[in-house]
Amino acid sequence: PPISLPPAPARAFDTEALKGAKAVSIGRREGLPGEPEMVLDTAFTGTQSVWLRFNLRSAGSDRVSSVSWEGGDIGDYVQEPAGKDVRILVQLPKSKVNRRTRVTLKTKSGGTYRFALSSGTFTDFLKGLVR
């Protein structure tokens, strides 16, 4: 019989490391007319990871269905209701974040939100990452 390998362990969302991460306020807004607005509120940097906190404004029952970037699908994210909004926290490996990084969030209602980390909004944030 063929030998089966165990599945690769999933990288856990690291809430402990997030507690000690440095926060940088961003406030970048995306959204088309008629869609709920998505805001990249804050970026956090730790020793191994970067976390991006998004808010899907006045989302009602809408939720994020997928998160991706140029490295593929991102499984390390958490979403939770926050009043009328939905708060989404995305974890990325710090060593792979650069000026070409783009994070795309898709909602169950069909909205697509793309955030480029190369914009002027992220200048100070990227200076801290790219040395």
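Residues numbered from 1 in each chain as written. Predicted model: local features only at pLDDT ≥ 70, side-chain atom pairs only at ≥ 80, totals over all residues. Heavy atoms only, no water.

K.L.:
Got a minute to help me understand the packing of aromatic side chains in this structure?
P.N.:
The relation between two aromatic rings is expressed through the spacing of the ring centres and the mutual angle of the planes. Enumeration over the complete set of coordinates arrives at one aromatic pair. Between Phe54 and Phe115 the ring centres are 5.0 Å apart and the planes differ by 55°, which places this aromatic pair in the tilted class. Taken together, the positions of Phe54 in strand E3 (residues 49–56) and Phe115 in strand E9 (residues 112–116) put the pair 61 residues apart, joining distant regions of the chain. Phe115 carries the same exposure label as Phe54, and that label is buried. (Phe/Tyr/Trp six-rings, centres within 6.5 Å; stacked < 30°, edge-to-face > 60°. Helix = DSSP H or I, 4+ residues; strand = E, 2+ residues; numbered from the N terminus. Buried < 20%, exposed > 50% of the residue type's maximum accessible area, 1.4 Å probe, protein only.)

K.L.:
Explain the environment of Leu105 here, please?
P.N.:
Tracing the backbone shows Leu105 in strand E8 (residues 102–107). Leu105 sits in the buried class, given a relative accessible area of 0%. Each C-alpha atom, one on Leu105 and one on Val90, is 9.8 Å from the other, the two residues being 15 residues apart in sequence.

K.L.:
Explain the pairing of strand E6 (residues 77–82) here, please?
P.N.:
Regular strands place their side chains on alternate faces of the sheet. Bridge count for E6 against strand E7 (residues 85–93) is six bridges, and the pairing is antiparallel. Bridge pairing in E7 links Gln79 to Ile88. The loop that links E6 with its antiparallel partner E7 comprises two residues; one of these, Gly83, has a positive phi angle of about 70°. (Pairing = 2+ DSSP bridges.)

K.L.:
What's the story with the environment of Ala23 in this structure? I'm lost.
P.N.:
For Ala23, the location among the structural elements is in strand E1 (residues 22–30). Once the C-alpha coordinates of Ala23 and Thr45 are considered, the two residues, 22 residues apart in sequence, prove to be 6.7 Å apart. Setting aside residues up to four positions removed in sequence, Ala23 forms contacts with Thr42, Ala43 and Phe44. (Contact = heavy atoms within 4.5 Å.)

K.L.:
I keep staring at the pairing of strand E2 (residues 38–45) and nothing clicks. Help me out?
P.N.:
With seven of its eight residues buried, E2 lies for the most part within the structure. Strand direction decides the pairing type here: E1 and E2, joined by seven bridges, are antiparallel. For Ala23, the partnering residue across the bridge sits in E2 and is Phe44. Where E2 and E3 come together, seven bridges link them in antiparallel fashion. What sits directly across from Thr42, in E3, is Arg53. Connecting E2 to the next strand, E3, in antiparallel fashion are three residues.

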